[in-house]
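Residue-level listing of the chains:
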Amino acid sequence: MKAPSFRYHAPRTLDEALSLASTLPGPRLLAGGQSLMPMLNFRLVAPQHVIDLNRVAELSGIREDGEDLVIGSMTRQREIEFSPLVQARLPLLAEAIRWVGHRQTRNRGTIGGSLCHLDPSAEQPLVAMAMDARLCIATPGGRREVPMRSFAVDLMTPALEDGEILAELRIAPWAAGHGWAFLEFARRHGDYAIVAVAVLLELDAAGNASRVSIALGGVGATPLRVPAAEARLLGTRVAGTDIEAAAACCAEVDALGDPQVPAWYRQRLARTLCARAIPAALARAAGHAGSNP
Amino acid sequence: MDTIVPAGQVLVPPAAPDVPERTARRMFGQPLPRIEDPALLRGEGRFLDDIPMPDPLHAAFLRSPHAHARVTRIDLSAARALPGVVAVFDADAIARELTGLRMPLGFPSATLQKDITPWVLSCTEVAFVGEAMVMVVAESRAIAEDALALIEVDFEPLPVVHDCHQALDDREPVVRSDAASNVAEQLQVGFGEVDPAFAQAPHVFAESLFVHRGAAHPMEGRGVLARYDPVEDAITVWTSTQMAHEVMHSIAAMLGMDQHNVRVVAPDVGGGFGCKYLTYPEEVAIPAAARCLRRPVKWVEDRAEHFISAIHERDQYWDVEIAVDADARILGIRGRLLHDQGAYTPQGINLPYNAATSVTGPYRVPAYRMDVIICQTNKTPVIPVRGAGYPQAAFVMERLLDRVARELALDRAEVRSRNLVPPGKMPYDKGLTNRAGVRSIVDSGDYPATQAAALARIDHAGFPARQHAARAQGRFLGLGLANAVKATSRGPFESAVIRVSPQGRIDLYTGALAMGQGLATALAQIAAEQLDVPLSMINVTCGDTGRVSLGMGGFASRQTVMAGSSVHLAAVEVRHKALKVGEQMLGVPVDGLRLHDGRVEVAAEPARFLTLGDIARKLKGAPGYSLPPGVTPGLESTGLFQTNSQAHANACHACEVEVDPGTGAVRILRYVAVHDSGRLVNPTLAEGQIHGGIVHGIGNALFEKMGYDAEAQPVTGTFADYLLPTSTEIPQIEVVFLETPSPTNPIGVKGIGEAGTIPVAPAIVSAIEDALAPWGVRVAEAPLSPVRLLELIDAAGAG
Amino acid sequence: MSSEEPLREIAVTVNGTLHRCEVAERKNLADFLRHDLRLTGTHVGCEHGVCGACTVLVDGVSARGCLMLAVQADGCTVETVESLAASEPGPAGLGPLQQAFRDRHALQCGFCTPGILMSLTELLRDDPSPDEEAVRLVLSGHLCRCTGYQNIVAAALQAARARAGD
């Protein structure tokens with residue numbers, strides 16, 4: 001299991017990386033390496049050139065920009081996990097990131113690497129979907145911004161053209177006092193989830209749900225939102241029957257199936273996890289609304 | 001860990017007549033730290049790939065991507081032309097280096113189908129995904145792998161046998177074109193009047209069970225390094241094996257060399273668990289290449305190879321019936337076992353044979369018959385993994401007893417109590433013979449006490465209240481238990497040489513093989529007990545055919561018993577010699593002497609002493625000077641403990657689980673294991689064996705599945721989808737030891753390496769059923785995935 | 001080595017020693033440590049980042065040696081198992097964590113142990129008194145077939161207590 005031969009490039013700037021990416025034949029971008037390196041070792045991929053983004057400092061870091069939190073694509077999961085800014089403004093991401101692999105892989109794995117790998121049950125794309133993240137893509141000619149819904153094209157297929165590099169993602173935090181929950185089911189701790197669910201919830205002064213996001217990973221080819229479930233909660237007091245109805249919507253989403261994990265099982269998990277995540281999000285939101293039963 | 005005072009008799013082993021054996025137990029039985037540890041902890045272990053061989057060549061193997069295919073063309077020219085490639089061997093090329101192309105059969109068998117073993121390399125027909133076809137030798141492993149990608153092969157796919165049932169269908173293809181049939185062997189084992197027992201039984205219950213066990217997966221895969229010496233026409237082969245001597249004999253035969261010129265050395269071995277108790281094709285091909293190329297050649301198996309080319313255990317289908325009387329006492333068991341052997345039979349039929357003959361376990365069964373059909377499939381070959389058929393057999397037996405309990409509305413523990421062999425019946429003739437025709441006699445053990453200890457420890461009596469309280473909160477708790485017996489210490493012998501040097505250093509050599517259990521420490525403790533020396537004075541060498549001429553190696557939980565007994569015999573002899581020499585040199589009778597701290601001292605006058613080195617110097621001889629009368633040359637002795645009897649270890653496991661009906665997840669809340677492995681040489685190491693065995697069993701119960709599709713293509717090829725348990729899936733394990741000494745050997749010990757694994761799956765599955773009793777869920781298989789458990793819950797709920 | 005193998009010069013500090021060497025661009029860090037520097041304490045168990053045997057510390061944090069190219073370690077500081085005894089050697093030439101492993105029988109075959117020691121070294125630097133759950137979470141990034149993990153957890157907690165008692 002030794003990687004095939006390739007030429008290695010370690011650009012220092014994004015411009016340099018873009019130039020390499022657009023001129024070299026058949027390049028692969030190397031981010032944290034936690035997915036690409038196994039693929040190389042198994043010889044599932046054999047690129048002529050590997051462009052290592054780990055020395056491009058401008059792609060790394062977490063900052064506030066107006067209302068948005070901006071996370072560089074090469075920001076390591078470890079940095080997100082321990083970021084006070086993320087904990088304060090993006091508690092859903094802070095919670096989800098602890099489900100990503102193991103400490104030893106989070107130390108090198110990057111959020112951009114995960115978004116571009118786009119495993120259907122990965123946590124970070126799911127959070128990006130739940131929070132309507134916008135992805136800034138550096139192109140040879142400049143930049144373009146793509147909402148997560150458009151970025152996740154299909155199974156492990158991001159909306160990236162040859163020569164483009166994901167530079168950062170921008171997330172607008174939800175209002176202070178919102179509720180959140182991230183739950184997933186995997187056979188072992190640290191495995192890719194079979195199904196994961198992210199729930200965000202804002203309550204109005206009367207304790208009714210005024211804003212809802214429910215997203216599923218591991219069910220479809222890409223992480224996806226469940227508008228029917230969101231609609232079912234919106235404007236309600238998020239009572240038991242509302243939660244059950246929303247969870248039932250999650251069980252009706254078209255699911256991928258394979259001999260090991262059939263579609264019906266993914267749907268069942270979606271329902272179970274949703275029914276558990278909504279009350280957890282509600283409890284956090286209710287703490288602020290103070291009026292919900 | 002607790003120790004309960006031994007039940008049963010204390011055994012007095014034979015000792016030299018005038019020098020009593022030492023029974024101080026200052027070493028034997030003590031929880032001493034291991035002598036192996038410091039080097040391993042400092043990163044100074046020497047595993048196969050750590051051996052500092054200058055400038056070796058590196059091998060890689062082209063392996064079949066097809067489960068069954070004819071090879072119509074192989075073109076090696078591009079691979080040979082790649083810079084850095086030194087040689088490329090196909091089957092013809094390797095055959096020129098060998099006496100034959102077919103591997104020898106591991107265990108002799110008169111009844112097995114002929115020509116059933118694997119090829120060293122196979123270039124005309126391939127019969128499983130992973131079969132070695134071509135060997136590339138290059139300046140680096142990476143280049144060797146580059147060359148593999150340049151080999152062009154045309155395959156003509158052949159029909160595939162993908163499981164046992166298909167193998168038995170007359171209309172189906174044959175697994176290999178040279179195989180007479182897909183049935184490698186068919187046999188029947190049993191005793192008693194089975195059919196009359198069933199005819200007259202008040203109750204008969206039938207079960208169809210599926211038991212899958214995956215692969216061994218030691219953290220270090222296989223690996224071979226060979227260096228040929230043209231001056232001596234000798235070869236040294238380092239290999240990560242559980243049986244150095246048998247590998248040596250295989251290499252000598254296959255390379256046409258005298259065994260004198262073949263030395264096989266097992267370096268530090270990073271776990272075996274059964275998969276290294278075999279001579280593999282690579283262990284022949286690598287030395288052949290080294291001799292041919294006159295350069296050291298190394299092959300280190302990677303994990304992708306291990307998944308498909310190291311042996312598995314895999315599938316067994318059991319259709320069984322149990323007959324019981326009105327009081328749930330067993331009258332008979334009968335049935336049929338279909339065993340998936342894979343594409344070749346490299347070792348023998350010991351796995352299905354063990355499974356079929358160990359079903360009755362610790363229970364009294366008056367009549368028993370099992371028909372065994374060993375099916376060949378186009379999958380990786382099968383030999384035993386830790387437990388060796390016993391885990392499957394225990395699963396069958398314990399599932400049957402749970403069924404009896406349910407049908408007769410009795411407590412599961414009560415049904416077992418009524419059927420356990422009572423201590424008064426020991427030794428107990430099981431009514432069966434082993435593969436070599438020796439009667440299976442259970443030597444000792446107190447099974448009711450073992451079960452009682454487990455039930456007490458887990459508070460069996462208090463469980464219904466816990467279960468009830470949990471159900472009121474919507475939680476589903478279950479308790480399960482299972483008993484097990486393992487026949488350990490398989491013979492015929494093991495070797496041990498103890499030699500004291502004139503410098504006073506004690507060297508201990510054995511043909512037994514250390515794979516991580518702490519064998520060196522255990523053997524050193526047994527020797528130190530007799531010689532009264534600190535462990536630091538003893539140097540233990542395992543598995544080096546250049547150091548000791550005979551050896552069997554590590555399998556069947558045998559080494560502490562077999563090698564331990566040999567060490568004991570040798571140490572008693574060395575002790576005897578030392579005291580006899582002391583008697584004459586110090587002029588004090590033996591009973592006035594003592595061996596202490598590496599010296600023979602005058603008991604009343606400790607300042608008068610001889611060191612063991614002094615005595616060794618005396619016994620090495622001086623030209624023309626006589627030795628002390630009645631003492632043979634050399635302060636050394638060879639122990640070759642020989643037996644056909646087996647020491648039977650037993651266990652009872654009990655656990656509490658919680659099942660999440662929303663996901664199918666099973667969480668083990670408590671796990672209690674009561675074990676009797678006779679006298680414990682080192683209780684800490686013994687407990688470590690139980691921990692590891694249980695976690696292996698948890699893997700078999702809930703996680704580990706070596707999956708194949710209907711084309712016999714493996715669907716499980718990485719550690720991301722072959723799920724070994726990790727620290728977060730494992731509860732605290734509570735181990736309790738009973739110590740019933742075994743009368744089968746001079747030190748009263750029983751094996752321990754496998755017993756921990758055997759009862760785990762049935763205990764966990766029993767607990768799962770108990771948790772889901774409100775729905776009447778029935779489980780007839782292992783491993784049990786969350787998907788499958790939800791399927792079963794749905795089926796039960798719908799019914 | 002083939003003449004066509006692309007090489008690159010790197011400077012990497014391993015266990016306190018600066019090494020300047022040419023390394024194959026495709027070679028992973030674990031193979032570089034083992035074969036080029038002959039630091040064979042770091043083991044390779046799966047080469048796809050799951051088993052954790054090859055875990056080393058890179059600039060102070062744990063990383064899979066098989067999931068990082070050696071060239072990526074250019075300019076970095078790497079710590080391997082061979083460094084552990086050097087800082088605070090005890091009676092058997094073992095550091096405190098290693099000694100706790102020996103005391104608690106936390107290793108059997110010892111193949112996976114070096115990687116586990118490095119992960120736990122990182123944990124104990126960050127959190128001198130972890131609870132059992134924290135230890136189990138870190139350990140979940142490692143596979144061990146021999147021990148069943150229980151004694152490893154006990155050893156880590158013992159090492160933490162020993163450190164607290166200093």
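That block above? That's the structure.
These numbers come from a predicted model, not from an experiment. (Residues numbered from 1 in each chain as written. Chains lettered and ligands numbered in written order. Predicted model: local features only at pLDDT ≥ 70, side-chain atom pairs only at ≥ 80, totals over all residues. Heavy atoms only, no water.)

Remarks on the pairing of strand β2 (residues 57-63) of chain B
Residue and element names in this part refer to chain B. A large share of β2 lies buried, amounting to seven of its seven residues. In β2, alternate side chains face the same way, and those of Leu 57, Ala 59, Phe 61 and Arg 63 on one face and His 58, Ala 60 and Leu 62 on the other are all buried. Here β2 pairs with strand β13 (residues 297-300) via two bridges, running parallel. Residue pairing for β13: His 58 is matched across the bridge by Lys 298. The pairing of β2 with strand β6 (residues 132-138) spans six bridges and is antiparallel. Bridge pairing in β6 places Phe 61 opposite Met 135. (Buried < 20%, exposed > 50% of the residue type's maximum accessible area, 1.4 Å probe, protein only. Helix = DSSP H or I, 4+ residues; strand = E, 2+ residues; numbered from the N terminus. Pairing = 2+ DSSP bridges.)

Looking at the layout of surface pockets
Its boundaries defined by the atoms lining it, the second largest pocket holds a volume of some 1400 Å³. Looking at the second largest pocket, it is lined by 47 residues, and the ones nearest its centre are Trp 99 and His 189 of chain A together with Arg 667, Thr 728 and Glu 729 of chain B. With six residues, helix α5 (residues 132-139) of chain C is the largest single contributor of residues to the lining of the second largest pocket. (1 Å grid on protein atoms, 1.4 Å probe; cavity = no way out; pocket = protein on both sides within 12 Å on 5 of 7 lines; lining within 4 Å. Points joined across faces, edges and corners; volume = space filled by probe spheres on them.)

Considerations on unusual backbone geometry
In this chain, Gly 491 of chain B is followed by Pro 492 of chain B through a cis amide linkage whose omega measures 10°. Mapped onto the fold, Pro 492 of chain B is located in the loop between β19 (476-488) and β20 (493-500). The peptide bond linking Ala 782 of chain B to Pro 783 of chain B adopts the cis configuration, its omega dihedral lying at 0°. In this structure, Pro 783 of chain B sits in the loop between β30 (781-782) and α20 (786-798). In this structure, Leu 118 of chain A is a non-glycine residue whose phi angle is positive, near 55°.

Quick word on the interface of chain B and chain C
Counting residues at the interface gives 56 residues for chain B, matched by 50 residues for chain C. Summed over both sides, the interface between chain B and chain C buries roughly 4300 Å², with carbon and sulfur atoms accounting for 56% of that surface. The largest share of the area that chain B buries against chain C comes from Leu 41, Met 219 and Ser 727 of chain B, three residues that together contribute 18% of it. Applying the counting rule to chain B against chain C returns four salt bridges. Of the charged contacts in the structure, one is a salt bridge between Asp 49 of chain B and Arg 34 of chain C, with a shortest N-O distance of 3.0 Å. Our count for the chain B to chain C interface comes out at 25 residue pairs in polar contact (both at pLDDT 80 or more). Secondary structure elements with two or more residues in the side of chain B that touches chain C: α1 (37-41), α4 (141-148) and α18 (683-703) of chain B. The element best represented in the side of chain B that touches chain C is α18 of chain B, accounting for eight residues. For the side of chain B that touches chain C, the per-class residue count stands at 27 nonpolar, 17 polar and twelve charged. (Contact = heavy atoms within 4.5 Å. Buried area = accessible area lost by both parts, 1.4 Å probe. Salt bridge = Lys/Arg side-chain N within 4 Å of Asp/Glu carboxyl O. Polar contact = N/O pair within 3.5 Å; in protein donor to acceptor, adjacent residues only side chain to side chain. Nonpolar A, V, L, I, M, F, W, Y, C, P; charged D, E, K, R; others polar.)

A look at the sheet that holds strand β21 (residues 506-510) of chain B
All names here are of chain B. Read across the sheet, four strands follow the order β22-β21-β20-β26 without closing on themselves; strand pairing throughout is mixed. Here the strands that pair on one side only, and so sit at the sheet edges, are β22 (538-542) and β26 (636-642). Averaged over all neighbouring strand pairs, the angle between strand axes comes to 15°, with direction disregarded. Bridge analysis of β20 against β21 gives five bridges, and the strand direction is antiparallel. Bridging across to β21, Val 497 finds its partner in Tyr 509. (Axes fitted to C-alpha atoms, helices over the stretch in contact; angles between N-to-C directions.)

In short, geometric facts, not functional conclusions.
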